[in-house]
Amino acid sequence: MPSTSTAGSVSVGGKRVECDEDQSILEAFLRAGVWMPNSCNQGTCGTCKLAVLSGEVDHRDSPLETLSEDERAAGLALACQARPCGDAEVALRGDKANRATHPLKDLSATVVGIEDIARDTRRILLGLDEPLAFSAGQYVELVVPGSGERRQYSMANTASEDKVLELHVRRVPDGVASDKWLFGSVAVGDRVEAVGPLGDFHVVDESDDGGEPMALIGGGTGLAPLLAIVRTALARHPDRQILLYHGVRGQADLYDVDQLDALAAKHPGFTFVPVLSDEPDPERRSGFPTDAFVEDVSAAKGWSGWLCGPPAMVEAGVKAFKRRRMAPRLIHREKFTPADALTPAPPTNEEA
Ligand code: FES
């Protein structure tokens, strides 16, 4: 949470924002409702890399793997890690400065629902004290009680469902957040602290959405943000073509199948395809969801693509989409990694 003493101010594209002590440049801008590219908020993805044009920044915990010594010497910094030392001016990559965004906020909520929905997978519902403005597909960071650590979970609810957050949590053995808390001590009625919304993996603005076809591939609890995106996309264009692939190991890992089948019955352009990788079932597709997409779609020019899951699945998905002629700029991706990975990438959904 932010402190109150100011460490300096940072300007980008002529917009200047005060930065509290111990507040990253990214946090200061997002809290002011000014967009900066961001994804992991942990210094591991490099999405928030920017150029320091004047002044000094403290790189804090920026990993060398993400920001090399040469890049630091060249004046680059990670906005999610760096703090200004006095006043500074920075520039984003590309011509994207000053786009408005939903402001990052401290959130207080009460646990209003806990449901086991699949093998080692839970749906957690958090009733917010105040409604949250966000875009479908974004995530929140929960503060793990007693540890001060934070864990990231994508929201499966749409932006119009702004009072109750729906999170899908995968249990990780001995995980501080999933095993010990969200599969352990948590109870309905508990109070929860969080911050959000975060992340650039979200639906395009409605004014930019022409109802083009979409392909979405999720692995495990990577389904969560895709549910929000699909339901938002269908609400805007009920007849649009959408293919949603959910890749899991076995039948016991599938969830929300009835809900998605009902959605497909209501929207003839929407197709839901569960794909089982390790435990074949005669009723289901088997293999990898990225291969299933290649088998099903001969050309995806003009489509947008959405990938959320383990890094290997996301990389395979990018290749599959490009193979079918999807434009790289229309491919959106969100990676997550297992608990305690040395180089985690967000949002975890199944982080420890
Ligand atoms: S490295 Fe800053 S958002 Fe990922």
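Residues numbered from 1 in each chain as written. Predicted model: local features only at pLDDT ≥ 70, side-chain atom pairs only at ≥ 80, totals over all residues. Heavy atoms only, no water.

The protein appears in an unreviewed UniProt entry as 2Fe-2S iron-sulfur cluster-binding protein from Nocardioides kribbensis. The protein has a UniProt comment under Cofactor (unreviewed entry) that states "FAD". (UniProt positions renumbered as here; feature names shortened; annotations may be inferred.)

(A) Highlighting the pairing of strand β6 (residues 105-118). Pairing analysis gives six bridges linking β6 to strand β11 (residues 191-198), with the strands arranged antiparallel. What sits directly across from Thr-110, in β11, is Arg-191. Bridge analysis of β6 against strand β7 (residues 121-128) gives eight bridges, and the strand direction is antiparallel. Residue pairing across strands places Thr-110 opposite Gly-127, the latter belonging to β7. A loop of two residues connects β6 with β7, the two strands running antiparallel in sequence, and Asp-120 in this loop sits at a positive phi of about 55°. (Pairing = 2+ DSSP bridges. Helix = DSSP H or I, 4+ residues; strand = E, 2+ residues; numbered from the N terminus.)

(B) The arrangement of the nonpolar core in detail. Core analysis: the largest hydrophobic core is formed by 31 residues, its most contacted members being Leu-216, Val-230, Ile-242, Leu-244, Leu-260 and Phe-270. Those elements that place two or more of their residues in this core are β6, β12 (214-219), α4 (223-236), β13 (242-248), α5 (257-266), β14 (270-276) and β16 (304-309). A total of nine residues in this core trace back to one element, the largest contributor, which is α4. Two domains each donate at least three residues to this core, and these are domain 2 (105-198) and domain 3 (206-335). (Core = buried A, V, L, I, M, F, W, Y, C linked by side-chain atoms within 4.5 Å. Buried < 20%, exposed > 50% of the residue type's maximum accessible area, 1.4 Å probe, protein only. Domains from an automatic or database assignment.)

(C) Representation of the sheet that holds β12. Judged by pairing direction, the sheet is parallel, and its six strands sit side by side in the order β15-β14-β13-β12-β16-β17 without closing on themselves. Whereas interior strands pair on both sides, the edge strands pair on one side only; in this sheet they are β15 (285-286) and β17 (331-335). Looking at chain direction, β12 and β16 are connected through five bridges and run parallel. The partner of Leu-216 across the bridge, within β16, is Trp-306.

(D) Representation of α4 in the model. Relative to the 20 Å expected for 14 residues at 1.5 Å per residue, α4 spans 20 Å between its end C-alpha atoms, a close match to the ideal helical length. Taken across its 14 residues, α4 has eleven buried, putting it largely inside the fold. Listed as buried for α4 are Leu-223, Ala-224, Pro-225, Leu-226, Leu-227, Ala-228, Ile-229, Val-230, Thr-232, Ala-233 and Leu-234. (Expected span 1.5 Å × (residues − 1).)

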